[in-house]
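# Reading the structure
The primary structure of each chain is shown beneath.
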Amino acid sequence: MQTLKTDLCVIGAGSAGLSVAAGAAQMGASVVLVEKGEMGGDCLNHGCVPSKALIAAAHRAHEMTQGAPFGIAPEVPRVDYAAVMDHVAETIARIAPMDSQQRFEGFGINVIRAHARFVSPREIDAGGTRIAARRFVVATGSSPMVPPIPGLADVPYLTNESLWSLRQRPEHLLVIGGGPIGLEMAQAHRRLGSAVTVIEAGRALGREDPEMAAIVLERLHAEGVRILENTTVGAVRPGIQVQAGDETLHGSHLLVAAGRKPNTDGLGLDVAGVETSPYGVQVDGGLRTTNRRIYAIGDIAGGGFTHVAGYHAGLVVRSALFALPAKARPQILPRATYTAPELAQVGLTEAEALAKHGDRLEVYRLPHDHNDRAVAQRATQGLLKLMVVRGRPVGVSIAGAQAGELIGTWALALSAGLKLGALAGAVMPYPTVGELNKRLAGTYFTPRLFENETVKKVTGLVQRWLP
Ligand SMILES: Cc1cc2nc3c(=O)[nH]c(=O)nc-3n(C[C@H](O)[C@H](O)[C@H](O)COP(=O)(O)OP(=O)(O)OC[C@H]3O[C@@H](n4cnc5c(N)ncnc54)[C@H](O)[C@@H]3O)c2cc1C
Ligand SMILES: NC(=O)c1ccc[n+]([C@@H]2O[C@H](COP(=O)([O-])OP(=O)(O)OC[C@H]3O[C@@H](n4cnc5c(N)ncnc54)[C@H](O)[C@@H]3O)[C@@H](O)[C@H]2O)c1
């Protein structure tokens, strides 16, 4: 059998694998990239891209109903669901060339379309080709976790992998799981005209600060998304009937959005001496597995987001190619849920900051209605929350219009270790929603400058001495 020898072998051509392969090849390493399915992985084919395209269509439909306060007669949108899904497919097709085999071969990467499996600690088999590499990167991602609910296997349930091939709008979409996938898809379908019921075993958006999540959930309720929290799904029967607590729900379609499971099966990780956990592959701070020649990045290493996959990739290029120290800093990673209003977080939530910093923590709040642009746009439902320890931000939570855009400034502040003065001192164009960030930083200085007797006394003294 022929054995290919390479500097770096990457398993999985999703957000994580593509980023590390492109980076390494463009910096001069020889790279083999192995993908068993579609180039682009989950984000392009079943995740971020189709979901954001669907959300954009739903936003258009919703806007048509919202004109009255602006003096524009509202319209009931006539939704052609099949055409909406065509828009989703076109969006994927427009972005796909960036992730294509051809483009990556153009970087000099040897792309092999096969299932990869470790056959020793330093070799894999990929469809009959042996590959021996100086370093491996496991970037095999995650798949929908389908809970063991009685009867579920007997109904044609949807997941984020199959949703995009629907051609008819669900009359009544039942959604199991009130996390980011469940709620983004619930609101989008409601806005496109479906009745939607979400069944959540715990708290909806349970990972997020409850005060911030409540702002999103209130809007979802107002738009007619029914969310049953702390409700267990007992059984599913054809029809589609879902036993949710004491209630039997009748739906036309069922979407399972109950979390993710890591793609570790069939990889031969045990043969390679790579240890796993229920959450994926075990990695150290530098994303090395229990076999030091093998890294794991992206969802398989607990990443959860495309931008985290890209961040992981950058660290591995540094470490695997140049043997430079590289340590992941989870505290600087932002996340956003693209419901309307959006919900975004970087660093610690209030509860996490309190647990870590105790009474050194100061918390500042700023509602969106303090922003002139938001008022003009009637988009004042929102809140920013700033967690500060000794003049430095340790976390920011934002719920409201463009929260995903606004959090970027705070991601920079946390990653660069900026003090609040840097943000408060920056000049932002008026009137932008982005001014909220400067104003939020300013809330830290307001009591110190404007409600401070010493400052007032000093001002009085200086004024008396000035000519
Ligand atoms: C509905 C949905 C919406 C999302 N929205 C967002 C969003 O808005 N923003 C955001 O940041 N994130 C979002 N995410 C998360 C994001 O999609 C993932 O974090 C990201 O795709 C992870 O990239 P990855 O490379 O780790 O894994 P993947 O994209 O899953 O890629 C892994 C690849 O490895 C391949 N593979 C697996 N096993 C093998 C094997 N043995 N041999 C060869 N190949 C193999 C798979 O076929 C796959 O192509 C969303 C996810 C979903 C499901
Ligand atoms: N905007 C984004 O960046 C974005 C969007 C979608 C997904 N993602 C990524 O994908 C991940 C997965 O998203 P997700 O929403 O599937 O997972 P999740 O784990 O965040 O949420 C799943 C929810 O389902 C509930 N659940 C599980 N089993 C259940 C059952 N039997 N009955 C009722 N409820 C049940 C859980 O309590 C949880 O609240 C996210 O955590 C995130 O990393 C990101």
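Residues numbered from 1 in each chain as written. Chains lettered and ligands numbered in written order. Predicted model: local features only at pLDDT ≥ 70, side-chain atom pairs only at ≥ 80, totals over all residues. Heavy atoms only, no water.

As its UniProt record puts it under Sequence similarities (unreviewed entry), the protein chain is described as follows: "Belongs to the class-I pyridine nucleotide-disulfide oxidoreductase family." (UniProt positions renumbered as here; feature names shortened; annotations may be inferred.)

It is worth spelling out the site of ligand 1 at this point. Neighbouring residues of ligand 1: 37 residues in total, closest Ala16, Glu35, Lys52, Asp299 and Thr306. In the model, an oxygen atom of ligand 1 is placed 3.4 Å from a nitrogen or oxygen of the Cys43 main chain. Between ligand 1 and His307 there is a distance of 3.4 Å, counted from an oxygen atom to a side-chain nitrogen or oxygen. Here ligand 1 loses 92% of its free accessible area of 1000 Å² to cover by the protein chains. For the shell around ligand 1, the elements supplying multiple residues, two or more each, are α1 (15-26), α2 (41-45), α3 (48-64) and α8 (306-322). Among the residues forming the shell around ligand 1, the class breakdown is 13 nonpolar, 17 polar and seven charged. (Near = heavy atom within 4 Å. Polar contact = N/O pair within 3.5 Å; in protein donor to acceptor, adjacent residues only side chain to side chain. Areas by Shrake-Rupley, 256 points an atom, 1.4 Å probe, with all protein chains shown as cover. Helix = DSSP H or I, 4+ residues; strand = E, 2+ residues; numbered from the N terminus. Nonpolar A, V, L, I, M, F, W, Y, C, P; charged D, E, K, R; others polar.)

This next bit is on the site of ligand 2. Taken together, 23 residues lie around ligand 2, and Ile181, Glu184, Glu200, Gly304 and Ala336 are the ones closest in. In this structure, an oxygen atom belonging to ligand 2 sits 2.6 Å away from a main-chain N or O atom of Gly304. Here Ala336 contributes a backbone N or O atom positioned 2.7 Å from a nitrogen atom of ligand 2. In isolation ligand 2 offers 850 Å² of accessible surface; the protein chains occlude 75% of this area. Broken down by secondary-structure element, the contributors of at least two residues to the shell around ligand 2 are α6 (180-191) and β19 (335-337). In terms of residue count, the dominant contributor to the shell around ligand 2 is α6 (three residues). Its residues assigned to classes, the shell around ligand 2 comprises 13 nonpolar, six polar and four charged. Both domain 2 (152-259) and domain 3 (331-451) contribute no fewer than three residues apiece to the shell around ligand 2. (Domains from an automatic or database assignment.)

Bringing the pairing of strand β11 (residues 233-237) into the picture now. Here three bridges tie β11 to strand β12 (residues 241-244), and the two strands are oriented antiparallel to one another. Along β12, the bridge assignment pairs Val233 with Ala244. Here β11 folds back onto β12 in antiparallel fashion, the turn holding three residues, of which Gly239 has a positive phi close to 150 degrees. (Pairing = 2+ DSSP bridges.)

So, about the sheet that holds strand β8 (residues 172-176). Strand order in the open sheet formed by four strands is β10-β9-β8-β14, and the pairing between neighbours is parallel. Across the chains shown, the open sheet's two edge strands, defined by having one partner strand only, are β10 (225-228) and β14 (253-256). Ignoring which end each strand starts from, the neighbouring axes of this sheet average 20 degrees apart. In terms of strand pairing, β8 meets β14 through four bridges, oriented parallel. Its bridge partner being in β14, Val175 is matched across the sheet by Leu255. (Axes fitted to C-alpha atoms, helices over the stretch in contact; angles between N-to-C directions.)

In this section: the packing of helix α11 (residues 403-416) against helix α13 (residues 435-450). Contact geometry of α11 with α13 gives a least axis separation of 9 Å together with a crossing angle of 50 degrees. In this view, α11 runs oblique relative to α13, as classed from their interaxial angle. Here the hand of the crossing between α11 and α13 comes out right-handed. Listed contacts from α13 to Leu406, Thr409 and Trp410 of α11 are Leu436, Asn437, Leu440 and Ala441. Partitioning the contact of α11 with α13 into residue classes produces five nonpolar, two polar and no charged. (Parallel < 35°, antiparallel > 145°, perpendicular 65-115°, else oblique. Left-handed = near helix turned anticlockwise from the far one by under 90°. Contact = heavy atoms within 4.5 Å.)

Our focus in this paragraph is the domain arrangement of the protein chain. A common measure of how large an interface is: the accessible area buried when the components associate. In terms of domain boundaries, the protein chain breaks down into domain 1 (2-39 + 100-144 + 261-328), domain 2 (152-259) and domain 3 (331-451). If you average the C-alpha positions of domain 1 and of domain 3, the two centres end up 36 Å apart. Facing the four residues of domain 1 at the interface are four residues of domain 3. Buried surface at the junction of domain 1 and domain 3, both sides included, amounts to about 370 Å², of which 78% is carbon and sulfur. If you sort the residues of domain 1 by the area they bury against domain 3, Phe305, His307 and Tyr311 come out on top, with a joint share of 79%. At the junction of domain 1 and domain 3, the tally comes to zero salt bridges. At the junction of domain 1 with domain 3, the criterion picks out one residue pair in polar contact (both at pLDDT 80 or more). (Buried area = accessible area lost by both parts, 1.4 Å probe. Salt bridge = Lys/Arg side-chain N within 4 Å of Asp/Glu carboxyl O.)

Structurally, Pro341 is set in the loop between β19 and β20 (342-347). Along the chain, Pro341 and Glu352 lie eleven residues apart, while their C-alpha atoms are 23 Å from each other.

Before going further, it helps to spend a moment on the packing of aromatic side chains. Under the definition given, this model contains four aromatic pairs. Pairing Phe104 with Phe107 gives two aromatic rings, centres 5.3 Å apart and planes at 90 degrees, and the pair type is edge-to-face. The buried category is assigned to Phe104, whose relative accessible area is 2%. Taking the relative accessible area as the measure of exposure, Phe107 reaches 23% and is therefore partly exposed. Within the aromatic cluster, the residues linked to one another by ring pairs are Tyr364, Tyr444 and Phe445. Taking NZ or CZ as reference, Arg378 lies 5.9 Å from the ring centre of Phe70, over its face. Sitting over the face of the ring of Tyr444, Arg448 holds its NZ or CZ atom 3.8 Å from the ring centroid. (Phe/Tyr/Trp six-rings, centres within 6.5 Å; stacked < 30°, edge-to-face > 60°. Buried < 20%, exposed > 50% of the residue type's maximum accessible area, 1.4 Å probe, protein only. Lys NZ or Arg CZ within 6 Å of the ring centre and 35° of its normal.)

Cis geometry marks the peptide bond from Gly239 to Ile240; its omega dihedral reads 10 degrees. Checked against the element boundaries, Ile240 lands in the loop between β11 and β12. Of note, the bond from Ala340 into Pro341 is cis; its omega dihedral lies within 30 degrees of zero at 0 degrees. One non-glycine residue, Leu205, lies in positive phi territory at about 50 degrees. Secondary-structure assignment places Leu205 in the loop between β9 (195-199) and α7 (210-222). Its identity as a non-glycine residue notwithstanding, Arg390 has a phi of 50 degrees, on the positive side. Relative to the helices and strands, Arg390 is located in the loop between β22 (383-389) and β23 (392-400).

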